[in-house]
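Spelled out, the chains give:
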Amino acid sequence: MNDDKLRFALVYYKNGRNASAAARELCMPRNKAYRLRKDEDVAAYLRIISESLDGAEPVRADIADMDEVLAAWSAIVRDEHKIEKLAAKKKTTTESEGRQKNVVTEETPEVVQLNAANSDIISAGKALYQYWRDVEGEGTDDAAETGVIILAEIKEEGG
């Protein structure tokens, strides 16, 4: 087995048998990674890896852990999460020569940052509440406990 196949087999297994993630990590084209995952030498090495780890499952590096999810939900609730969108900025000018008027409109692309939608803020708040209710409720009989979530002030645009 050559070194490229061996390296691919190890990274492919480490990434939960995700060829795209392995290709990114190894800086190789995805189509090469998809071909390598079907290679006989790679398949043989994957069997050896699986047997030597005695059935242990690889850790999926591309899946967010709970801390990342909680941080993202918290940023949305605090209205710190911004969504970038490409918009056209229009500038209209009027040029006149005697009786003739020319209207010139220029459009330039601009990246604007938008706040999270109200529905996203409410959904993230509910998700956080349910998570903490379940975590803090473990091992207790206070399953009927309720709480209040205080959301960030919602500002209407154009008003």
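Sequence order sets the numbering: in each chain, residues are counted from 1 along the sequence as written. With the structure being a predicted model, the display of local features is reserved for residues of pLDDT at least 70 and the display and counting of side-chain atom pairs for 80 or more, all residues being used for whole-chain, interface and lining totals. Where side-chain values are given, they derive from all heavy atoms of the structure, hydrogens and water being excluded.

Draft legend 1. Geometry of the overall build of the chain. Per the convention used, a helix needs a DSSP run of H or I reaching at least four residues, while a strand needs a run of E reaching at least two, with both numbered from the N terminus. Scanning the chain from terminus to terminus reveals six helices and two strands. Overall, the chain shows an N-to-C arrangement of helices and strands of α-α-α-α-α-β-β-α. Note on exposure labels: buried denotes an accessible area under 20% of the residue type's maximum, exposed denotes more than 50%, and partly exposed covers the range between, all computed with a 1.4 Å probe on protein chains only. By the burial criterion, 19% of the 159 residues in the chain qualify as buried. Taking all contacts inside the chain whose residues are at least 6 apart in sequence as the whole, residues at least 24 apart take part in 60%. As presented, the chain carries roughly 12400 Å² of accessible surface, and 48% of it is formed by carbon and sulfur atoms. When checking whether two residues touch, look at their non-hydrogen atoms; a contact exists if any pair is within 4.5 Å. The Shrake-Rupley method, run with a 1.4 Å probe, gives the accessible areas here. Residue values count only the displayed protein chains as cover.

Draft legend 2. Molecular detail of the packing of aromatic side chains. Planes of paired rings set the category: under 30 degrees apart is stacked, over 60 is edge-to-face and the rest tilted, where pairs are Phe, Tyr or Trp rings (Trp by its six-membered ring) whose centres lie within 6.5 Å. Scanning all chains against the criterion turns up two aromatic pairs. For the ring pair phenylalanine 8 and tyrosine 12, a centre distance of 5.2 Å and an interplane angle of 20° mean the geometry is stacked. In this pair, phenylalanine 8 and tyrosine 12 are both assigned in helix 1 (residues 3-14), four residues apart and thus about one turn of the helix distant. With respect to burial, phenylalanine 8 and tyrosine 12 carry one shared label: buried. Seen from their ring centres, tyrosine 131 and tryptophan 132 are 4.9 Å apart, and the 80° between their planes marks the pair as edge-to-face.

Draft legend 3. Representation of the side chain of serine 74 in the model. Looking at the secondary structure, you find serine 74 in helix 5 (residues 66-77). Assessed through its relative accessible area of 17%, serine 74 is described here as buried. Contacts described as polar in this section are N or O atom pairs within 3.5 Å, which, within protein, must combine one atom able to donate a hydrogen with one able to accept it, while residues neighboring in sequence count only if both atoms come from side chains. Separated by 2.8 Å, the side chain of serine 74 and the backbone oxygen of leucine 70 make a polar contact.

Draft legend 4. View of the packing of helix 5 against helix 6 (residues 118-136). The contact between helix 5 and helix 6 brings their axes to 8 Å, and the two run at 135°. The pairing of helix 5 with helix 6 is recorded here as oblique in orientation. For the element pair helix 5 and helix 6, the recorded crossing hand is left-handed. Packed against helix 5, whose contacting residues are Met66, Leu70, Trp73, Ser74, Ile76 and Val77, the element helix 6 presents Asp120, Ile121, Ala124, Gly125, Ala127, Leu128, Tyr131 and Trp132 at the interface. All axes are obtained by fitting lines to C-alpha atoms, using only the stretch in contact for helices, and the reported angles, taken between N-to-C directions, cover 0 to 180 degrees. Roughly parallel means an angle under 35 degrees; roughly antiparallel, over 145; roughly perpendicular, 65 to 115; everything else is oblique. Each crossing gets its handedness from the near helix: less than a right angle anticlockwise from the far helix is left-handed, clockwise is right-handed.

Draft legend 5. The arrangement of helix 1 in detail. Multiplying 1.5 Å by the helix residue count minus one yields the expected span of that helix. Spanning 12 residues, helix 1 covers 17 Å between terminal C-alpha atoms, matching the ideal 16 Å at 1.5 Å per step. Considered for burial, the residues of helix 1 that qualify are Lys5, Phe8, Ala9, Val11, Tyr12 and Tyr13. The inward-facing, buried residues of helix 1 abut helix 2 (19-26), helix 3 (30-36) and helix 4 (40-52). A distance of 3.2 Å separates the backbone nitrogen of aspartate 4 from a side-chain oxygen at the start of helix 1, and that oxygen is part of asparagine 2. Within two residues after helix 1, glycine 16 carries a phi angle of roughly 70°, on the positive side.

Draft legend 6. Representation of the pairing of strand 2 (residues 100-115) in the model. Pairing analysis gives 16 bridges linking strand 1 (residues 82-97) to strand 2, with the strands arranged antiparallel. Each bridged residue has a counterpart across the sheet, and for glutamate 95 the counterpart in strand 2 is asparagine 102. Pairing between strands requires that DSSP locate at least two bridges from one strand to the other. Hairpin geometry of strand 1 and strand 2 is characterised by an intervening segment of two residues between the two adjacent antiparallel strands and by a positive phi of about 65° at glycine 98.

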